[in-house]
Every structure is written in structure tokens, then in C-alpha cells.
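Close look at the chain arrangement
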Amino acid sequence: FGMSLAIALFPTLSERAAVNDRAELCRYLESVLRIVLLLTVPSAVVLMVVRTPLISLLFEHGEFGADDTARTAVVLLFYTIGIPAMACQGIVARVFYALRDTWTPVKVGVGAVALALALNSMLYGNGWLEGRWLALSASAVAVANVSCLMILMNRRLTGFETSRLLKLFATTLLYSTVAAGAAWGLVVIIGRGELAQNGPAKFLHVLAPIGIAISLYILLLWVTRVPELAQTFQRFRAWMDRRKMVK
């Protein structure tokens with residue numbers, strides 16, 4: 001998602017940078033990152049909650065048993081931690097490319113590789129982590145990578161307001177946690193006894209908590225009038241209108 005969006009946005013970022021319109025570049029970049037956070041933070045949190053029934057639905061067949069599901073669920077848990085960072089890092093890196101600075105992302109990338117090697121060396125052989133350390137390392141490196149890029153970008157673009165992004169991140173994390181709590185309750189209820197062992201119930205075990213979480217999350221955003229919610233719907237409608245025109 002993040003990489004596809006970064007590729008699609010690159011021409012617009014380059015256009016703003018080419019005419020040296022830093023104010024518009026900052027405004028556009030901030031609006032995009034805010035929408036990315038609005039979508040990826042709840043996705044990560046809800047995925048943490050439904051990871052076990054989701055893996056059970058997709059893979060728990062034949063020789064892939066309940067123990068395999070439990071181990072895979074922990075791996076997925078560690079990967080979900082880095083979803084927002086992984087979605088943002090490609091976009092932030094392309095801001096430097098738009099500014100004709102290709103070396104900064106390369107240097108940060110080399111540092112990220114060095115950090116990954118160090119973490120892998122530290123975590124390898126940990127009895128509890130077993131094969132899960134790669135997922136934990138990948139998420140930690142993604143967070144470090146995008147944090148470093150954001151700090152450097154903030155120095156280059158003086159009009160970019162990181163504080164607003166951090167405030168939105170805190171808001172979305174709070175609302176996502178509340179929504180995920182409701183979803184978790186439903187996961188527990190449906191998963192009691194043998195209820196979630198048959199095919200239709202397995203689908204319900206995944207789809208119902210996700211539906212509840214999405215509905216509650218959107219409701220919280222709407223009640224507190226978070227402006228990014230309306231902006232997201234506007235962009236979606238504009239995208240749908242363009243598709244209709246193409247057809």
C-alpha cells in the first residue's frame with residue numbers, strides 16, 4: 001500500500017519541488033501522511049486482534065495445526081507493529097528524491113541495514129523468539145528508518161509540522177485501541193468452545209470483529225470531528241468519479 005502510494009504521488013511531489021513551492025509541498029505531503037496514518041494505524045491494531053482466527057481460517061488445514069497457527073500468529077503480531085512505518089517510509093523517501101537529494105535516503109538505508117544486522121545478531125538464538133526475531137527486527141528497523149527520515153526531512157522543510165502528525169498518530173492509536181477492544185471481546189465470545197471450528201463460523205470469527213472495529217473507529221472519528229475522515233471520503237469519491245469517467 002505504502003509503496004504503491006509513494007510511486008503514484010512522486011510526480012506531484014516532484015512538480016511542487018521543481019517550482020520551489022515548499023509551502024504547497026509541505027501541505028500536500030502532510031495531508032497524504034495523515035490519511036496514511038488514519039488508515040494504517042487501525043489496520044495494524046485490528047490485525048493484532050484477529051491474527052489468530054485469520055491465520056486459522058486461511059491456513060489451518062491438513063498438516064497445518066493449531067500449534068502452527070499459534071506460532072505464526074506471534075510472527076504476524078511482530079510484523080503488524082511496523083505497518084504504519086512501512087507504509088510511510090517510501091513516501092518520505094520520495095520527498096528527498098523530489099528535492100533531488102538521492103544520497104540522504106541511501107545513507108539512511110545503509111544505516112537501516114546495519115541496524116537490521118545488529119538486531120538479527122542480538123536476537124538470533126533467543127529461545128522464546130525462535131524464528132520470530134526476523135519479524136520483530138523488520139518492524140524495529142522500519143520504525144527507526146522512517147523516524148530518521150522524518151527528522152532529516154523536518155530540517156529540510158521548515159514548514160512541515162511533525163507535531164500535527166504525532167497528534168494524529170496518538171488519536172488514531174487511541175481510537176484504534178478502543179475499537180480493537182470491542183473486536184477482541186467478539187473474538188473471545190465467538191471462539192468459545194467448538195463454535196469457531198466449523199467453516200462458516202471461522203469466517204464469522206474474522207469478519208464480525210473486523211466489522212465492529214471499523215464501525216466503532218469511524219464513529220469515534222466522526223463524533224470527534226477528525227478532519228482527515230472527511231478528506232479520506234472525498235478522495236475516495238474523487239477516485240470513483242475518475243474511474244466512471246474512464247469507463
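The notes below deal with the structure included here. As the structure is a computational prediction, the values presented were derived from the model and not from experiment. (Residues numbered from 1 in each chain as written. Predicted model: local features only at pLDDT ≥ 70, side-chain atom pairs only at ≥ 80, totals over all residues. Heavy atoms only, no water.)

**Brief notes about the layout of surface pockets**
- Of the volumes computed, that of the largest pocket is approximately 510 Å³.
- Forming the walls of the largest pocket are 21 residues, and the residues nearest its centre are Leu37, Pro84, Ala85, Val146 and Phe169.
- Contributing elements (two or more residues each) for the lining of the largest pocket: helix 2 (22-59), helix 3 (66-81), helix 4 (83-98), helix 6 (133-156) and helix 7 (162-190).
- It is helix 2 that contributes the most residues to the lining of the largest pocket, 6 residues altogether.
- Across the lining of the largest pocket, the residue classes break down as 18 nonpolar, 3 polar and no charged. (1 Å grid on protein atoms, 1.4 Å probe; cavity = no way out; pocket = protein on both sides within 12 Å on 5 of 7 lines; lining within 4 Å. Points joined across faces, edges and corners; volume = space filled by probe spheres on them. Helix = DSSP H or I, 4+ residues; strand = E, 2+ residues; numbered from the N terminus. Nonpolar A, V, L, I, M, F, W, Y, C, P; charged D, E, K, R; others polar.)

**So, unusual backbone geometry**
- Positioned with a positive phi, Arg100 is a non-glycine residue whose angle comes to about 65°.
- By the element assignment, Arg100 lies in the loop between helix 4 and helix 5 (103-123).
- Its relative accessible area of 77% is what places Arg100 among the exposed residues.
- Notably, Arg225 is not glycine yet its phi reads approximately 55°, a positive angle.
- Tracing the chain through its elements places Arg225 in the loop between helix 8 (199-223) and helix 9 (227-246). (Buried < 20%, exposed > 50% of the residue type's maximum accessible area, 1.4 Å probe, protein only.)

**A closer look at the packing of aromatic side chains**
- What the rule picks out here adds up to 1 aromatic pair.
- Taking 6.1 Å as the distance between ring centres and 45° as the angle between the ring planes, the aromatic pair formed by Phe59 and Phe64 counts as tilted.
- Looking at Phe64, the relative accessible area reads 25%, which means it is partly exposed. (Phe/Tyr/Trp six-rings, centres within 6.5 Å; stacked < 30°, edge-to-face > 60°.)

**What to know about the pattern of salt bridges**
- With the rule as written, the count across this model stands at 6 salt bridges.
- Arg27 is paired through a salt bridge with Glu24; the nearest N and O atoms lie 2.5 Å apart. In this pair, Arg27 and Glu24 both sit in helix 2, 3 residues apart, roughly one turn of the helix.
- Residue Glu24 is classed as partly exposed on the basis of its relative accessible area, which comes to 21%.
- The closest approach of N and O atoms between Arg71 and Asp68, which form a salt bridge, is 2.6 Å. Placement of both Arg71 and Asp68 in helix 3 is noted, with a separation of 3 residues, approximately one turn of the helix. (Salt bridge = Lys/Arg side-chain N within 4 Å of Asp/Glu carboxyl O.)

**What about the environment of Leu229?**
- With respect to the secondary-structure elements, Leu229 resides in helix 9.
- For the pair Leu229 and Gly159, spaced 70 residues apart in sequence, the C-alpha separation works out to 23 Å.
- Dropping the residues within four chain positions of it, Leu229 is found in contact with Leu38, Ile218, Leu221 and Trp222. (Contact = heavy atoms within 4.5 Å.)

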